[in-house]
Amino acid sequence: MRVLTFGWEFPPSKNGGLGVACFGLTRELLQNGVEVIFVLPRTQSTAGDARFLFADQARLVKIVHTDVSLFPYQQSGSRMNIIVGYDKQGQPIIESRTIIEEAHRFAHQASLIAEEEEFDVIHAHDWTSYLAGVAAKKTSGKKLILHVHATAYDQAGGGSVDPQIYKIEKECFEQADKVVTVSEYTKNIIVEHHQVAADKVHVVHNGCDVVEPQRQLPILSELKKQGKKIVLYHGRISIQKGIDYFVKAARRVVDVNPDVVFVVSGSGDMKNQIIELVGEMGLSKNVLFAGPLWDQERDKMYQAADLLVMPSVSEPFGLVPLEALQHGTPSVITKQSGVAEVLTHVLKVDFWDIDEMANQILSSLKYPAIRKQMVSEGKIQLRSISWGHAAQKIRLLYQSLIQYVTTPS
Amino acid sequence: MLTVCPYFHVHQPYRVKQFRVFDIGQDSEYFNDNSETDLNNQKIVQKVADKSYRPTNKILKELLDKHPEFRFNLSFSGTVLDQFEAYAPDVLESFQELVATGRVEILADTYHHSLAFFYSVPEFKRQVKQHERRIKQLFNVKPKVFRNTELSYRNDLAKWCEDNGYIGIMAEGWDKYLGWRSPNYLYRPAGCSKIKVLLKNYKLSDDVAFRFSNQGWASWPLNADTYADWIHSHHGDGQTVNLFMDYESFGEHQWEDTGIFDFLRAMPETILRHPDTSFKTATETIESYDVTGEYDVPDVLTWADTDRDLTAWNGNDIQKDALAATYGMETDVLKTRKKDLIETWRKLQTSDHFYYMCTKWSNDGDVHAYFSPYQSPYDAYIAFMNALSDLQLRVRSAVTERVAKDEANQSKRDPEEQVQAQPVEAPESAVNTPAPTQPAPNNPPRRWWQKVLDAIPFFTSPSNGK
């Protein structure tokens, strides 16, 4: 069985949960005997054994300049620099485009790839690849699975929903044969807001790699020597992630226990706003901005923290508490998250309930037994939250859509 | 001759409300939740009264009136009796009517439904005595047969009961300790010479308590005739069938629509239909039969889940931590000689609090395997530990006060004693303010107002601890 997969990001390039999820799933599908052709919009180095196609490579770039007008949506605000081709000297031609433009371009190229490749089923990850998935379906007539890692509703974090993204989501869900969501939480959103029939939607929770991570050299030891406790926020600094609630809870915490230090790891569109909020609330001494941390730096921070808080307003899944747990750090997470459905050894709170969030932070710092147990039992639970389980469900879904396999095995 | 010894256990805990870190030192009421949640003790007691206590007592009274041979046993925690008195006095009266027939025996128990025997025998003894006084006051009887919280049992508990004048004790009739032997006889606890142990027939008991409404069970729906046949089948291989279960099985664990009340209504008659079968109370059973062998239980045995041990209460880190913190306060709490502090501490010993912290099955995501009014075992732990932290603060200040007072009594001739009381802050609030994270020193410096406080005679009730 061969699957044509469209994704937007893939390790080892630095990215969020989407790339990690695509990597974990693809690896386990390959293990399960599924051939994966993974199409990415831009050339990059890749990890793992799947066959990769890059939609910006020369043979495809030829058609790049056509057809943008086929897609009549307005341009969305965020822009990205894209290599659209190469000049006679072999230098890249770079154009600035919106993500929506690029998603349409990706779709156009997807239909060409779908003509050239042999496969049994199409699987497209995240909204930026939905159009590509639909285009490939129209070209090939194969069945299409759209995999929802987030929705316009999550990005909005309770604010106004991007109408262009919503439109792509809704129209593509209609075209899809099956829709996979990473949680019941996200399923409920698309059933309610995108009017997708509930029986068309399958929940496949994300997984987590069960590896005992290397112990890093300790950091922040000076603070710890002074008896400070470290509470970590790790993620984009954006409204969706609930960082403003985190800062407000920090104020409540520090009122009771001034020896708590909050570390914010990440960057994002709300960064300046949050720095101002921290100043306004008189928390400059207690909130540290570490900037975005990756790889070893991130692992060191996970290991140094006494507690992680994921205050998301709307989190389709949320891998961060699982990663923290691997490093031996327990979490407070919001109930508005998919990971809350699979992880029981965490503290759960509504994102708006600042008092209770502060209570959980203070209580877990005050009573070490609770942190110890959330880690020891949580680590056991991690074993059952694996990419292997997720891939098995995906494979069964492929099989349910394919009458007979046409690709040579 | 075969007799049936039914025993129903009546209990409700004082659930701790959602008590936050911010409440420590600010709020000394832990059990007064008034929300719509299942933490509202008054609401729960009134709900269970409607669903279980009132209709079941009505049926039991009818059965006692109708069948002069019908007998059974009840045990009550002190915490449920207190809550009946406060929230449903008519339920308490209906229990008194049952006991007044003389055919309903009350068993001895700990007042606070605690596991104190396994953590502090002196505290356990005080709770048993407190329970005995309460039962005497409400029912005018003195229990002679003992049952411990969650039917927990061990050889040394049986020995304690023997040494303290009980003629019998109840335990789970568990295969691990019975081997090939039947629970339907009386046994002698290892290390004892007089006391007899009554063993729960867990198959027949759990058929009613757990399986009655299980539609996947081969014997569903169970009717009273079939059940009586199962009991009668023990003629010849047993003397007593001991049916021990939660009272709340009737109407609360098994809802009315399962037919449980019709079953109960029909049961005595179907059992008595066999000419050589009757009912006995625990005391009558013990007086009627001799022991047939020894029951040797060196490790704690309970009636809980398949493990039949205490791990549902003390199996994980947070449970161990909470238990250690609770029993670690004993010396200081008693030193205060303050009735309200001691009573609050005891309410926090109720086993249910620790059960709510159980994570045994939560790895399967089956968080509902245990009934709990909390959203998670961790929420239960946090509420409990915050309440306990508040109590620790209050105890510390009360001990300081007590020490100061005792010192003052020793130096009665001190002329400064003549200083008259001036308007001061109430002692409780004055000493409740220190930050929760700072442990009070053992011998804090005497403050100016302590002299004044010493001059105020404040009421201390006779200690329960003596």
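Residues numbered from 1 in each chain as written. Chains lettered and ligands numbered in written order. Predicted model: local features only at pLDDT ≥ 70, side-chain atom pairs only at ≥ 80, totals over all residues.

**Things to note about the overall build of chain A**
And step 1. When helices and strands are counted, chain A shows 15 helices and 15 strands.
And step 2. Buried residues in chain A amount to 49% of all 409 residues.
And step 3. In chain A, 68% of the contacts between residues at least 6 apart in sequence involve partners at least 24 apart. (Helix = DSSP H or I, 4+ residues; strand = E, 2+ residues; numbered from the N terminus. Buried ≥ 20, exposed ≤ 12 C-beta atoms within 10 Å, placed from the backbone. Contact = placed C-beta atoms within 7 Å.)

**Here we look at the domain arrangement of chain B**
All names here are of chain B.
And step 1. As assigned here, chain B comprises domain 1 (2-295) and domain 2 (311-417).
And step 2. Counting residues at the interface gives 30 residues for domain 1, matched by 21 residues for domain 2.
And step 3. Split into classes, the residues belonging to the side of domain 1 that touches domain 2 amount to 12 nonpolar, 11 polar and seven charged. (Domains from an automatic or database assignment. Nonpolar A, V, L, I, M, F, W, Y, C, P; charged D, E, K, R; others polar.)

**Some words on the environment of A190 of chain B**
And step 1. You can see A190 of chain B is positioned in the loop between β6 (186-189) and β7 (196-200).
And step 2. For the pair formed by A190 of chain B and K159 of chain B, sequence separation is 31 residues and the distance between their alpha carbons is 8.4 Å.

**Some points on the sheet that holds strand β10 (residues 229-234) of chain A**
All names here are of chain A.
And step 1. Read from one edge to the other, the open sheet built from six strands follows the order β12-β11-β10-β13-β14-β15, with strand pairing classed as parallel. In this open sheet, the two edge strands, each paired with only one partner strand, are β12 (287-291) and β15 (347-349). On average, adjacent strands in this sheet sit at an angle of 25 degrees to one another, irrespective of strand direction.
And step 2. Sheet analysis places β10 next to strand β13 (residues 307-310), joined by two bridges and oriented parallel. Residue pairing across strands places L232 opposite L308, the latter belonging to β13. (Pairing = 2+ DSSP bridges. Axes fitted to C-alpha atoms, helices over the stretch in contact; angles between N-to-C directions.)

**With respect to the pairing of β7 of chain B**
All names here are of chain B.
And step 1. Burial analysis of β7 places five of its five residues in the buried class, which makes it a mostly covered element.
And step 2. Burial along β7 is two-sided: the residues K196, L198 and K200 and V197 and L199 are all buried.
And step 3. Note that strand β5 (residues 168-172) and β7 share five bridges and pair parallel. Note that in β7 the partner of I169 across the bridge is V197.

**Focus on helix α1 (residues 41-66) of chain B**
Working note: α-helix, 3.6 residues per turn, so residues spaced by three or four point in the same direction.
All names here are of chain B.
And step 1. Here α1 is 26 residues long and its end C-alpha atoms lie 35 Å apart, about the 38 Å a rise of 1.5 Å per residue gives.
And step 2. Its axis deflected by about 55 degrees at A49, α1 carries its strongest bend there.
And step 3. Burial in α1 covers these residues: N41, I44, V45, V48, A49, S52, Y53, T56, N57 and L60. (Expected span 1.5 Å × (residues − 1). Bend = angle between axes of the 7 residues up to and from the residue.)

**Quick word on the nonpolar core**
And step 1. Core analysis: the biggest nonpolar cluster contains 234 residues, and A110, L131, L146, A305 and I361 of chain A together with I169 and Y381 of chain B have the highest contact counts within it.
And step 2. Each residue touching I169 of chain B, except ones within four places of it in the same chain, is listed here: V145, F146, A158, C161, P189, I195 and V197 of chain B. (Core = buried A, V, L, I, M, F, W, Y, C linked by C-beta atoms within 7 Å.)

**Overview of the interface of chain A and chain B**
And step 1. Contacts between chain A and chain B engage 20 residues on the former and 20 residues on the latter.
And step 2. Elements with a minimum of two residues in the side of chain A that touches chain B: β15, α13 (354-366) and α14 (368-382) of chain A.
And step 3. Of the residues forming the side of chain A that touches chain B, the biggest block, eight residues, is contributed by α14 of chain A.
And step 4. When the residues that make up the side of chain A that touches chain B are grouped by side-chain class, the tally is eight nonpolar, seven polar and five charged.

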